[in-house]
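# Tertiary structure, described
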There are 2 protein chains.
Amino acid sequence: MPRPATGRKKEAILDAATVEIAAHGYHGTTVAMIARRAGVADGTIYLYFSNKEEILISLFERAMDLFTAQGARELAGLPGPRERLVRIVELHLELVGADRDLAIITQVELRHSLHFLDQLSRDRVGAYLQAMAAVIAEGQACGLWRCDLDATFLAKAVFGVLDEMATDWVLSRRNTRLQARADAVVGFVLGSLRPQA
Amino acid sequence: MPRPATGRKKEAILDAATVEIAAHGYHGTTVAMIARRAGVADGTIYLYFSNKEEILISLFERAMDLFTAQGARELAGLPGPRERLVRIVELHLELVGADRDLAIITQVELRHSLHFLDQLSRDRVGAYLQAMAAVIAEGQACGLWRCDLDATFLAKAVFGVLDEMATDWVLSRRNTRLQARADAVVGFVLGSLRPQA
DNA sequence: CAGCTTTGACTGAATACTCATTCATTAATG
DNA sequence: CATTAATGAATGAGTATTCAGTCAAAGCTG
């Protein structure tokens, strides 16, 4: 191997790790398996990642960066909180549903240990929840949605629904598309936010 | 120690495993750690469980049996679907919130591998979801709740909300009680089920 | 440009562990 | 005594990580 564009290997390692970890789980995947699939030597992994766990973290961060980038881009143009929330729901299901291997990792493998989940939750997912809560608060402020429940609470509830749909899809063997549930979820969520009678 | 009441040790091992796994995670807990806390020898564990994973499974099944037993008992006396669903929400939060160590295991540690989660999901959690869907379908049948969404879907959505609240509580460091969120969750869930305007 | 030097990305066998599981032995019991 | 629960040291399989060495390319020099 001469001196090929550095950075290609890092991507190759992350791609290989996604496939292997989705198939065998984090603990069932050895560093050697990832190296083999990526077409690099075991040691090469350690030129790009300081340890096995960092591969998993990088995987998640790469995915989350794409997610938030696309989210920010798409939401910018939308006029009201209703349109934005609907788009958030659609995007969530669309992006998680786009790559089953990655979905297995985000919905199952990443929920490893308290310490791990705690850290992820606090950082990236926390920001996502806050963004959702802001949209909901806006809808509350203009009288569109119920105000008897806290926007942060409502955001968590909506996230819970989305997350459960995603996990259910990952675990279901049938060959459905996650996106197909978007209408039902939108119906549920908008229903739940209507002002109380 | 030769022949003391058999069965006590099994419980002791499960209790010890709950504490250790909650503190260090499943993979961070060694069989020796569980044995030490339970006050038995390493080998004794294998008189009661065929391997380490079976300890985790037994743990979950013991908890789930208590859960469904109490659920069945409490729901029997309630007149309508509304009362039953409210009680399901309250019980879910009450029982998960009653033991933080156990909650760490059900909300975090058990979600380890696809294979594992898949199996649990299909069996015990599947039965729980079906019971909830039955209550919702009943409410739909008597015109109490919206009929434009499938009862099975609605049950999953409600479960998602409950599960997210539980996970959020487990990860939050503040010393709140999970039960304290019951009113908000009930408000959200009943709101989401109202018939569409 | 032709030889020479330097570089550092890459390799993969060897290391240095950790732990689940076993089983020969011990001791309580009826 | 015979039986059997219980023990815990020994085993050995499995694997993350290291590191001494390789070699293609880039830089240097006259």
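Rules used throughout
- Residues numbered from 1 in each chain as written.
- Chains lettered and ligands numbered in written order.
- Predicted model: local features only at pLDDT ≥ 70, side-chain atom pairs only at ≥ 80, totals over all residues.
- Heavy atoms only, no water.
- Core = buried A, V, L, I, M, F, W, Y, C linked by side-chain atoms within 4.5 Å.
- Buried < 20%, exposed > 50% of the residue type's maximum accessible area, 1.4 Å probe, protein only.
- Contact = heavy atoms within 4.5 Å.
- Helix = DSSP H or I, 4+ residues; strand = E, 2+ residues; numbered from the N terminus.
- Domains from an automatic or database assignment.
- Buried area = accessible area lost by both parts, 1.4 Å probe.
- Salt bridge = Lys/Arg side-chain N within 4 Å of Asp/Glu carboxyl O.
- Polar contact = N/O pair within 3.5 Å; in protein donor to acceptor, adjacent residues only side chain to side chain.
- Nonpolar A, V, L, I, M, F, W, Y, C, P; charged D, E, K, R; others polar.
- Least-squares fit on C-alpha atoms with pLDDT ≥ 70 in both.
- Lys, Arg positive; Asp, Glu negative; His and termini not counted.

## Digging into the nonpolar core
The biggest cluster of nonpolar side chains holds 134 residues, and the ones touching the most others in it are Leu85(A), Met132(A), Val185(A), Phe188(A), Met132(B), Val185(B) and Phe188(B). The residues contacting Phe188(A), other than those within four sequence positions of it, are Val161(A), Arg146(B), Leu149(B), Phe153(B), Leu154(B), Ala157(B), Phe188(B) and Ser192(B).

## Quick word on the environment of Lys10(B)
Residues and elements named next belong to chain B. Inspection of the secondary structure assignment puts Lys-10 in helix H1 (residues 8-24). Put simply, Lys-10 and Met-165 are 155 residues apart on the chain and 31 Å apart in space, counted from C-alpha to C-alpha. The residues touching Lys-10, leaving out its near neighbours within four places in the chain, are Tyr-48 and Phe-49.

## Some points on the domain arrangement of chain A
All names here are of chain A. Here chain A is described as being made up of domain 1 (1-49) and domain 2 (53-193). A separation of 28 Å is found between the C-alpha centroids of domain 1 and domain 2. Between domain 1 and domain 2, the residue contacts involve 15 residues of the former and 13 residues of the latter. Across the domain 1 to domain 2 interface the summed buried area is about 1300 Å²; carbon plus sulfur atoms make up 70%. Between domain 1 and domain 2 we count two salt bridges in total. The interface formed by domain 1 and domain 2 holds four residue pairs in polar contact (both at pLDDT 80 or more) in total. Top contributing element to the side of domain 1 that touches domain 2 by residue count: helix H1 (residues 8-24), with eight residues. Here the residues of the side of domain 1 that touches domain 2 sort into ten nonpolar, three polar and two charged.

## Examining the interface of chain A and chain B
Listed by partner, the interface residues are 39 residues for chain A and 39 residues for chain B. Asp168(A) serves as the salt-bridge partner of Lys156(B), at 2.9 Å between the closest nitrogen and oxygen. Linking chain A to chain B there are ten residue pairs in polar contact (both at pLDDT 80 or more). Of all the elements in the fold, those that place two or more residues in the side of chain A that touches chain B are helix H7 (114-141), helix H8 (151-171) and helix H9 (182-193) of chain A. Here the residues of the side of chain A that touches chain B are counted per class, giving 19 nonpolar, ten polar and ten charged.

## A word on the relation of the copies chain A and chain B
For the match of chain A to chain B, the screw axis carries a shift of 0.0 Å, the RMSD comes to 0.1 Å, and the turn is 180°. Between the two chains, the operation in question is that of a two-fold axis. No C-alpha of chain A approaches the rotation axis more nearly than that of Ser192(A), which lies at 1.8 Å. Of all interface residues in chain A, 100% are interface residues in chain B too; the two copies therefore contact each other through one and the same surface.

## Quick notes on the side chain of Glu109(A)
Mapped onto the elements, Glu109(A) comes out in the loop between helix H6 (100-107) and H7. Of the side chains with opposite charge, Lys52(A) lies nearest to the buried Glu109(A), which makes no salt bridge, at 9.2 Å. Within polar-contact distance, the side chain of Glu109(A) engages the backbone nitrogen of Tyr26(A) at 3.1 Å. Each residue touching Glu109(A), except ones within four places of it in the same chain, is listed here: Ile21(A), Gly25(A), Tyr26(A), Ile104(A), His112(B), Ser113(B) and Leu114(B).

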